[in-house]
Amino acid sequence: MRISLRVLLAALMLVLAGCTNTPWNDPYPSADTGKNILYTAFTERPKQLDPAKAYNENEFVILANVYEPPLQYHYLKRPYQLIPFGATEVPQPRYFDAQHHPLPDNADAKEIAYSVYTIHVRHGMYYQPTPALATDAHGHPLYLDLKPDDLAGIRSPADFKHSGTREVTAADYVYEIKRLAYPRLVSPIYGLMSEYIVGLKALSAELTKAQEKHGRAFLDLTQYPLPGARVIDRYTYQITIRGKYPQFVYWLAMPFFAPVPPEADRFYSQPGMAEHNLTLDWYPVGSGPYRLTVNDPNRVMVLKRNPYYARQGETYPSQGAPGDAAAGLLRDAGKPLPLTGTVVFSLEKEAIPYWTKFLQGYYDVSGIGSDVFDQAVQFSGANQVSASPAMRKRDIRLQTSVAPSIFYMGFNMLDPVVGGLGERARKLRQAISIAIDEEEFVSIFLNGRGIPAQGPIPPGIFGHRDGKAGIDPYVYDWVDGVPRRKSIAYAKQLLAEAGYPDGRDAKTGEPLLIHLDTTSNGLGDKSRIDWLVKQFRKIDLQLVVRSTDYNRFQDKMAHGTAQLFFWGWNADYPDPENFLFLLYGPNGRVKYGGPNSANYDDPEFNALFEKMKNMDNGPERQAIIDKMIAIVRRDAPWVWGFYPKTYALVHGWVYNRKPNPMANNGLKYQRVDPQARVAYRLQWNHPVLWPLALLALLLIVLVTPAIVAYRRRERAQARRRPLRPADVSGDGGTAA
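Residues numbered from 1 in each chain as written. Predicted model: local features only at pLDDT ≥ 70, side-chain atom pairs only at ≥ 80, totals over all residues. Heavy atoms only, no water.

1. Points about the overall build of the protein
Condition: Helix and strand definitions follow DSSP, with helices as H or I runs of at least four residues and strands as E runs of at least two, each counted in order from the N terminus. Each residue's exposure class comes from its accessible area (1.4 Å probe, protein chains only) as a fraction of the maximum for that residue type: buried when under 20%, exposed when over 50%, partly exposed otherwise. Here, residues are in contact when the closest pair of their heavy atoms is within 4.5 Å. The Shrake-Rupley method, run with a 1.4 Å probe, gives the accessible areas here. Residue values count only the displayed protein chains as cover. Residues scored as charged are limited to Lys and Arg (positive) and Asp and Glu (negative), so that His and the chain ends carry no count. A single reference atom marks each charge: NZ on Lys, CZ on Arg, CG on Asp, CD on Glu.
When helices and strands are tallied, the protein shows 21 helices and 25 strands. Projecting the C-alpha coordinates of the protein onto the three principal axes gives extents of approximately 130 × 80 × 55 Å. By the burial criterion, 51% of the 736 residues in the protein qualify as buried. When contacts within the protein are restricted to residue pairs at least 6 apart in sequence, those whose partners lie at least 24 apart make up 71%. In the form shown here, the protein has an accessible surface area of approximately 35000 Å², with 54% of it arising from carbon and sulfur atoms. The averaged location of the 74 negative side-chain charges in the protein is 8 Å from the averaged location of its 84 positive side-chain charges.

The structure is reproduced here in structure tokens:
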């Protein structure tokens, strides 16, 4: 019965395995069970992690938690508020005229030639441990003269035997500003900053010449002065910009202005380093709460607590927005940051595996795909949204927020049909704006995750208005306390007044064809295009969709040959200027290569923008913004589209999570209860053993008769077998 015993033994082992403290399907090392680790996922690998180059949201998720720029956004307060981070306070600019004479704070922007920001760096900030800062007993770098052969077997900074640290100084902040001008790095904000930071453009030209002379050799940027960024003392530096640019302070909260030690640049520039992925692009060196210890972007990325960060004494905030205390968001007030020791990002390219692992408890938070939306979310009266009963039963809560973003359909204002500021084209654009039912689009294609836009400024940004004062009167009426889209009959009336009765040119009788250029070709895009065609058909217009690849689309936008197009914008900083400049004439894409993709150019709007952009927030600025919004609503260069809403599901063992789309360094505030997570994982991933036991029993039932029959046959054959002499022997005798 050996086979039966083995089957029984296997079944017993399976049963015993079910009694362990780790689920069978746990994708993480068993040694990490119960540890203070936050588990999340990324769907697209970050392409670069050099703070001078990175500008994508998925890159900022890493960089904002590794680096320490002068400022950051308050995690809890709304509206968004800047607070110190690497600096001791939020710097206030001092103004000077062209002769460098000081001006009062209320000086007219036209008189201000220079704005000077003096930034005081906090004492006691230390870089993460890194071989780039390792030194010998005499303070000399240990790894400065490496040869390619010395890198054999080195795959990450952790493979070096020694590491070191040092205090952050003002010179490190200045060094990073110089890196923005280094032509080899191609910083995405160099063009903008070179217009403001004094001397940055000249520095770039000087570095270009030096690069041509020295080739790929390392350039020591500390030897190149920059008048617009200079060190005052060990903990103080100044940034001088041209004119008045109040929005500059927001840039100081981005990794572009975080400190970078020159030693790291020099260390990573050595021959052979890039071939081993040993670069700032791959392993950043910062002084923030976390350090990137594992960078395998095709599998996993791991952030671990910077062991020197505790010296800074940063604690969880003790104040927040109304309702935060009741929501439990102030329970950890005063506790040292970061609250979570390790953050593990796993690559998930497919939505369903991501969702399944979240339900199993292996991810602490999750977005909500369209395929599982009805399973995760429920709507009640008055468009109230909450987690579904199935989610609440699992102690999973829903978090929503309106992103500081807008998605819109733009008209090319240079087009002879839909463009121009004349009444004919204006009424055509207004009619189309009415016909495209954004409420229906948000409901059908976004599962309600959006707010139909009434203008270019999203909620949460100064200048946005709610209620009756905030509606677009050319597209909506205010009825019973809510906006109601104007009728299709009214849209057709506008179309007739524009010279297109029943969708035909009144002069030629030809049907009016409207062309939409798009790169849409993915799953679900056809249904959206079909829906859009129906929207135009409601007012008897024919929409022709011209799909193309992204490069061809960009070429059409650059040359102004597109007629209609889809576009979107995420705020760089929470200021109305960052949205209204998308409609500023001198930012036109065709003529100036700017971000004004609609090529809208209204002289009155332009003049108001130039006055508004340098103003401080207040009633006067709001009044100017109201005038600007009224102008673009009348001219309708965009079908306003929608402001997207973000939905996220959060497990009950995760604390202090509050959406803040302007702050990317929120990981340090979040806390998990590892023991509660272990308990839920065991409950949700408990193995179902009875099928295995039934299978084992079935195998025994099936195998046992065969074994019994086999044994009987063996015994029968043994009895029939004749006795051979060799089978018989006597006591010590020989065979008979």
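2. Digging into the confidence of the model for the protein
Condition: In predicted models, pLDDT denotes the confidence assigned by the predictor to each residue on a 0 to 100 scale.
Mean pLDDT for the protein: 91, with 93% of residues reaching 70 or above. Below pLDDT 50 for its whole length, residues 1-5 participates in seven contacts with residues either more than four positions away or in separate chains. Predicted confidence is poor over residues 726-736, with pLDDT under 50, and the contacts of this stretch with residues over four places away or in other chains come to three contacts.

3. Topic: the packing of helix α18 (residues 603-612) against helix α19 (residues 619-635)
Where we set the bar: Simply put, an axis is a line fit to the C-alpha atoms, just over the touching stretch for a helix, and the angle between two N-to-C directions goes from 0 to 180 degrees. For classification, angles of less than 35 degrees are called roughly parallel, those exceeding 145 degrees roughly antiparallel, those between 65 and 115 degrees roughly perpendicular, and all remaining angles oblique. Handedness of a helix crossing follows the sense of rotation of the near helix relative to the far helix, less than a right angle counterclockwise being left-handed and clockwise being right-handed. Throughout, the ten residues Ala, Val, Leu, Ile, Met, Phe, Trp, Tyr, Cys and Pro are labelled nonpolar, Asp, Glu, Lys and Arg are labelled charged, and all others, Gly among them, are labelled polar.
The N-to-C vectors of α18 and α19 enclose an angle of 155 degrees; their axes lie 10 Å apart at closest approach. By the angle class used here, α18 and α19 are roughly antiparallel. Handedness of the α18/α19 crossing: left-handed. Residues Glu604, Phe605, Leu608, Phe609, Lys611 and Met612 of α18 form the contact with α19, whose participating residues are Glu620, Arg621, Ile624, Ile625, Lys627, Met628, Ile631 and Val632. Classifying every residue of the contact of α18 with α19 gives nine nonpolar, no polar and five charged.

4. Points about a nonpolar patch on the surface
Put simply, the rule is: Only residues whose relative accessible area exceeds 30% and that form no salt bridge enter a patch; like-charged residues are grouped when within 9 Å of one another, and nonpolar side chains (Val, Leu, Ile, Met, Phe, Trp, Tyr) when within 5 Å. When a carboxyl oxygen of Asp or Glu is within 4 Å of a side-chain nitrogen of Lys or Arg, the pair counts as a salt bridge.
Taken together, Leu695, Leu698, Leu699 and Leu702 make up a surface patch of nonpolar side chains, about 360 Å² in accessible area. Following the sequence through the fold, leucine 698 ends up in helix α21 (residues 690-720).

5. Considering the sheet that holds strand β7 (residues 229-233)
Just so we agree on the cut-off: DSSP calls a pair of strands paired once it identifies at least 2 bridges connecting them.
The strand order across the open sheet built from five strands is β5-β4-β6-β8-β7, with neighbouring strands paired in antiparallel fashion. The open sheet has two edge strands with one neighbour each: β5 (102-103) and β7. In the packing of helix α3 (residues 170-179) onto the sheet, contacts are made with β7 and β8 (236-242), and the angle to β7 comes to roughly 175 degrees.

6. Focus: helix α2 (residues 57-66)
α2 sits mainly inside the fold: seven of its 10 residues count as buried. Residues Glu59, Phe60, Ile62, Leu63, Ala64, Asn65 and Val66 constitute the buried set of α2. Buried positions along α2 lie against β9 (290-296), β10 (300-305) and β11 (342-347).

7. Points about the side chain of arginine 485
Our working definition: Polar contact is the term for a pair of N or O atoms within 3.5 Å; when the atoms are in protein, one must be able to donate a hydrogen and the other to accept it, and sequence-neighboring residues count only if both atoms are side-chain atoms.
Structurally, arginine 485 is set in strand β19 (residues 482-485). Within polar-contact distance, the side chain of arginine 485 engages the backbone oxygen of isoleucine 434 at 3.3 Å. Here the side chain of arginine 485 touches glutamate 439 through a polar contact of 3.1 Å, side chain to side chain. Ignoring sequence-local partners within four residues, the contact set of arginine 485 consists of Ser433, Ile434, Ile436, Asp437, Glu438, Glu439, Val475 and Tyr476.

8. Let's talk about the sheet that holds β9
Across the sheet, four strands lie side by side as β1-β11-β10-β9; this open sheet has mixed pairing. In the strand order of this sheet, the two ends are held by β1 (37-42) and β9, each with one partner. Within this sheet the neighbouring strands show an average axis-to-axis angle of 20 degrees, counted without direction. Pairing of β9 with β10 involves six bridges; the strand directions are antiparallel. Bridging from a neighbouring strand, valine 294 pairs with valine 302 of β10.

9. Some words on the pairing of strand β6 (residues 114-120)
Note that strand β4 (residues 94-96) and β6 share three bridges and pair antiparallel. Within the sheet, the bridge partner assigned to arginine 94 lies in β6 and is valine 116.

10. Describing the nonpolar core
Just so we agree on the cut-off: Side-chain atoms within 4.5 Å link the members of a nonpolar core, which is a set of buried Ala, Val, Leu, Ile, Met, Phe, Trp, Tyr and Cys residues.
In terms of nonpolar packing, the biggest core is built from 127 residues, with Phe248 and Phe257 touching the most fellow members. Here this core takes six residues from α19, the largest share from any one element. Excluding its chain neighbours within four sequence positions, the residues that come into contact with phenylalanine 248 are Tyr117, Met193, Ile197, Ile239, Ile241 and Phe257. In terms of nonpolar packing, the next biggest core, distinct from the first, is built from 35 residues, Ile434, Ile436, Leu564 and Phe642 among them.

11. Comments concerning the environment of alanine 258
Along the chain, alanine 258 falls in the loop between α6 (248-251) and α7 (262-268). Taking C-alpha positions, alanine 258 is 35 Å from glycine 641, a pair spaced 383 residues apart along the chain. Look past the residues within four positions of alanine 258 in its chain and what remains in contact with it is Tyr67, Glu68, Pro69, Tyr173 and Glu176.

12. Details of the pairing of β8
Across the seven residues that make up β8, a large majority, six, are buried. Bridge count for β6 against β8 is seven bridges, and the pairing is antiparallel. What sits directly across from tyrosine 114, in β8, is arginine 242. In this sheet, β8 lies alongside β7 in antiparallel orientation, the contact comprising four bridges. Within β8, the residue paired with aspartate 233 across the bridge is threonine 236.

13. Description of the pattern of salt bridges
Evaluation of the coordinates by the stated rule reveals 34 salt bridges. Linking aspartate 555 and arginine 552 is a salt bridge whose minimum nitrogen-to-oxygen distance equals 3.0 Å. Linking aspartate 555 with arginine 552, this pair stays in helix α15 (residues 550-559), spanning three residues, or about one helical turn. Assessed through its relative accessible area of 41%, arginine 552 is described here as partly exposed. Through salt bridges with shared partners, one network takes in Glu423, Arg426, Asp602, Arg634 and Asp635.

14. Structural notes on helix α5 (residues 200-214)
Going by this rule: Residue count minus one, scaled by 1.5 Å, sets the expected span of a helix. Each direction from the helix axis to a C-beta atom contributes to the arc, which is the arc of those directions.
Its 15 residues place the ends of α5 21 Å apart at the C-alpha level, agreeing with the 21 Å of an ideal helix rising 1.5 Å per residue. All of the buried residues in α5 are Leu200, Leu203, Ser204, Leu207 and Ala210. One side of α5 holds all its buried residues, which, seen down the axis, span an arc of 125 degrees. Set apart from the buried face of α5 by more than 90 degrees, the exposed residues are Ala202, Lys209, Glu212 and Lys213.

15. Brief notes about the environment of valine 186
Relative to the assigned elements, valine 186 resides in the loop between α3 and α4 (190-194). Separated by 134 residues in the primary sequence, valine 186 and alanine 52 have C-alpha atoms spaced 8.2 Å apart.

16. With respect to the packing of aromatic side chains
We apply this condition: When the centres of two rings from Phe, Tyr and Trp lie within 6.5 Å, Trp using its six-membered ring, the rings pair. Their planes under 30 degrees apart give stacked, over 60 give edge-to-face, and anything left gives tilted. Definition used: whenever NZ (Lys) or CZ (Arg) falls within 6 Å of the ring centre and also within 35 degrees of the ring normal, the charge is taken to sit over that ring.
The final tally for this structure, using the stated rule, is 36 aromatic pairs. With a centroid separation of 5.9 Å and an interplanar angle of 40 degrees, the aromatic rings of phenylalanine 373 and tyrosine 647 are classed as tilted. Remark: tyrosine 647 occurs in strand β23 (residues 638-651) and phenylalanine 373 occurs in helix α9 (residues 373-376); sequence separation between them is 274 residues. Here phenylalanine 373 and tyrosine 647 have matching classes, each one buried. Centroid distance tyrosine 600 to phenylalanine 605: 5.9 Å. Interplanar angle 70 degrees. Geometry classified as edge-to-face. Of the two residues, tyrosine 600 and phenylalanine 605, neither departs from the other in class, the shared state being buried. Members of the aromatic cluster, each reached through a chain of ring pairs, are Tyr55, Phe60, Tyr250, Trp251, Phe256 and Tyr573. Across from the ring centre of tyrosine 126, 4.4 Å away, lies the NZ or CZ of arginine 311, which sits over that ring. In this arrangement the basic side chain of arginine 671 is found over the ring face of tyrosine 655, its NZ or CZ atom lying 4.5 Å from the centre.

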